[in-house]
Amino acid sequence: MARDRIKVEVEGRELELSNLEKVLYPAEGFTKGEVIDYYSRIAPTLLPHIRDRALTRIRFPNGVDGQSFFEKNAPQNTPDWVRRERLPAPGSTKEREAVDYVVADDLPTLVWLANLAALELHTPQWRIGADPDLLVVDLDPGAPAGLAECCAVAVLMRDRLADDGITTYPKTSGKKGLQLAAAVSGRQSSEVISGYVRRVAEELERGAPKSITSKMAKKLRPGKIFIDWSQNNAAKTTVAPYSLRAQPVPSASTPLTWDEVEAVVAGRRKARQFTAAEVLARIDEYGDLMAPLLDGGPEVPA
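Since we're looking at a predicted model, the values are computed, not measured. The written sequence of each chain sets the order in which its residues are numbered from 1. Whole-chain, interface and lining totals are the exception, using all residues; otherwise, since this is a predicted model, local features are given only for residues with pLDDT of at least 70 and side-chain atom pairs are given and counted only at 80 or more. With hydrogens and water set aside, each side-chain value is computed from the structure's full complement of heavy atoms.

## A few points about helix H5 (residues 258–265)
Every α-helix carries 3.6 residues per turn, so stepping three or four residues along brings you back to the same face. Note the threshold: The buried label goes to any residue with under 20% of its type's maximum accessible area, the exposed label to any with over 50%, and the partly exposed label to all in between, with areas taken from a 1.4 Å probe on protein chains only. In DSSP terms, a helix is any run of H or I states spanning at least four residues, a strand is any run of E spanning at least two, and both are numbered starting from the N terminus. In what follows, residue pairs with any heavy atoms lying within 4.5 Å of each other are defined as contacts.
Listed as buried for H5 are Trp258, Glu260, Val261, Ala263 and Val264. In this structure, the buried side of H5 is in contact with helix H3 (147–162), strand S11 (168–172), strand S12 (178–183) and helix H6 (276–286). The first or second residue beyond H5 is Gly267, which carries a positive phi of 85°.

In C-alpha cells:
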C-alpha cells in the first residue's frame, strides 16, 4: 500500500484514508487529517442535525485556494454501506431530474466525506419524505455593514418571530453573515414557510429601511442587511451547524447564545466567526446550543 494511504476501521466499517498531510487551508497549515479529526470529534453533535437530510457537499480536493465543486449525486465508488436516497431535484425547471443523494447518518459516512475533502455540508430544511421541520433566516451583510449589524437585525427578527410563538436560535454562517433557525411543525409546505418569512422580512424592512432590505437585488444591499427569506424554498439548502467553511482559516458555522449576540449589539463583545478548534471548545462549554431544534415546533401563521 502507498505510504500516503492508510486503512482504518470506524464503527465496524473499513475505510481507506489518503493524503492526510495534504494542506487544505494553506494560510493556517490545516491538513486533511485535521479536517477528518474535526469531523470525527464533532460528529455526535453534528449528526443529529443532518440525519435523514439529503446532503449537498462542496468539495475542495486541492484546498480552499483551489477549485471547488458542488456535489449532490453520490460519487462513483461510493461504498455500499453509505446511505443513498434517490429524490427529485428541487428547482429543476422542466422534468425534475432524480438525484442519488448521500445521507450522512453515521460517523463512518462523515469520515468518508471528510476524506473526499467535502469541507462544507449543506442540507435542506426538510427530512426525507417530510415537509420542512426548520425555518431558516439568512442575514447577509452588504459592506460596509458586517456581522455586528447582522446581530442587531437578528435581535429584531428574534423578537418579531417570538410574537408568533416561534423560538429562534442563532449561528454564524462561518463566512460573513449570521443565520437564525427555528423548529416548525413539519406539517406545512416550504411555500407557506417561505411566504411567512418573506412577510416578516418586508415588515422589518418597512420599519428600518436604511439598514434592512428584503429584496434580492445586490445593488440595494450596500450598507444594509439582506434578510434572505428564500432560504426556505424547496430548492435551497443551508450550511449545517458545525460544518466547516472554505475560508482562509478553518472556520465553522457556530451556534451562539443570545447573550453573545446581544453583547455584540451593545458593544461589549466583538463580532467574529469561530475556528474549528474554538467550536470544539464551545461544545465542551455549552453543549449543543441548537439541540432544541430537534424537538419540533409550532406551525407558522399562514
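## Overview of the packing of helix H1 (residues 32–50) against helix H2 (residues 107–115)
Using the following cut-off: Between N-to-C directions, angles span 0 to 180 degrees; the directions come from axes that are lines fitted to C-alpha atoms, helices contributing only their stretch in contact. The cut-offs work like this: below 35 degrees is roughly parallel, past 145 is roughly antiparallel, 65 to 115 is roughly perpendicular, and the gaps in between are oblique. Helix crossings fall into two classes, left-handed where the near helix is turned counterclockwise from the far one by less than a right angle and right-handed where it is turned clockwise. Gly falls in the polar group here, along with every residue not listed as nonpolar (Ala, Val, Leu, Ile, Met, Phe, Trp, Tyr, Cys, Pro) or charged (Asp, Glu, Lys, Arg).
Where H1 contacts H2, the two axes come as close as 9 Å, and the packing angle between them is 140°. Overall, the two elements H1 and H2 adopt an arrangement that is oblique. As H1 runs across H2, the sense of the crossing is right-handed. Contacts between H1 and H2 involve Lys32, Val35, Ile36, Tyr39, Ser40, Ala43, Leu46, Leu47 and Ile50 on the former and, on the latter, Leu107, Leu110, Val111, Ala114 and Asn115. Along the lines of polarity and charge, the residues of the contact of H1 with H2 split into 11 nonpolar, two polar and one charged.

## Quick word on the sheet that holds strand S10 (residues 134–141)
We apply this condition: In this analysis, strands are considered paired if DSSP registers two or more bridges between them.
Taken in spatial order, the five strands line up as S11-S12-S10-S14-S13 in an open sheet, and their pairing is mixed. In this open sheet, the two edge strands, each paired with only one partner strand, are S11 and strand S13 (212–213). Here S10 pairs with S12 via six bridges, running antiparallel. Bridge assignment links Leu139 to a residue of S12, and that residue is Leu178. The sheet strands contacting H3 are S10, S11, S12, S13 and strand S14 (225–228), and the helix crosses S12 at an angle near 20°. On the sheet, helix H4 (residues 190–207) packs against S10, S13 and S14 and is oriented at approximately 40° with respect to S10.

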